[in-house]
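Chain by chain, the residues run as shown.
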Amino acid sequence: MSKFSAGEWAVIANLVTDSPIQIYVVDNEYKPVKYVAECRRVSDAKLIASAPEMYEILRKIIENTDKSGTGAPFGFVDLFSEVRKILARIDGEQEAQS
């Protein structure tokens, strides 16, 4: 299980001032609940705020491939290996030996 803050992450920017763009976990009314990070560029903040969703997609790809018992389709073995390495790094686990 991942160790990042659970919930939807959102970018909260004050475009009037030059203050950093902040990323928060938000509730169902889109109100900030927990501070996550801050960035100077909106594009960086959007990427960081998308991290939990990207993580879940990568995890589902691996889980569904592992459950099928058929292995990765031809040409995707290296890609799935890279996905496993990324997930291990995110989860703070040691990367599996290839």
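Please refer to the structure placed before this passage.
Nothing here was measured: the structure is a model prediction, and the numbers come from that model. (Residues numbered from 1 in each chain as written. Predicted model: local features only at pLDDT ≥ 70, side-chain atom pairs only at ≥ 80, totals over all residues. Heavy atoms only, no water.)

Chemist: Would you take a moment to explain the side chain of S5 for this structure?
Modeler: One can find S5 in the segment before β1 (8-12). Taking relative accessible area as the criterion, S5 reaches 16% and is therefore assigned buried. Of note is the side chain of S5, whose polar atom sits 3.1 Å from the side chain of K34. (Helix = DSSP H or I, 4+ residues; strand = E, 2+ residues; numbered from the N terminus. Buried < 20%, exposed > 50% of the residue type's maximum accessible area, 1.4 Å probe, protein only. Polar contact = N/O pair within 3.5 Å; in protein donor to acceptor, adjacent residues only side chain to side chain.)

Chemist: I tried to follow the nonpolar core on my own but got confused; where do I start?
Modeler: As a rule of thumb, nonpolar side chains are buried together in soluble globular proteins. W9, I21, I23, V25, A37, C39, A45 and A49 together form the largest nonpolar core, which totals eight residues. Elements with a minimum of two residues in this core: β2 (21-26), β3 (32-39) and α1 (42-49). Sort the elements by how many residues they give to this core and β2 lands first, with three residues. Excluding anything up to four places from it in sequence, A49 contacts W9, A10, V11 and I23. Y55, L58, V83 and L87 belong to the second largest nonpolar core, which has six residues in total. (Core = buried A, V, L, I, M, F, W, Y, C linked by side-chain atoms within 4.5 Å. Contact = heavy atoms within 4.5 Å.)

Chemist: Mind showing me how you'd approach the sheet that holds β3 here?
Modeler: Consider a sheet: its strands pair through backbone hydrogen bonds, and that pairing is either parallel or antiparallel. Taken together, the three strands give an open sheet; going across it, the order is β1-β2-β3, and neighbouring strands pair in antiparallel fashion. Both outer strands of the open sheet, β1 and β3, are each paired with one neighbouring strand and no more. On average, each strand axis in the sheet is inclined to that of its neighbour by 30 degrees, with strand direction left out of account. Where α1 meets the sheet, it contacts β1, β2 and β3, and its direction lies at approximately 170 degrees from that of β1. (Pairing = 2+ DSSP bridges. Axes fitted to C-alpha atoms, helices over the stretch in contact; angles between N-to-C directions.)

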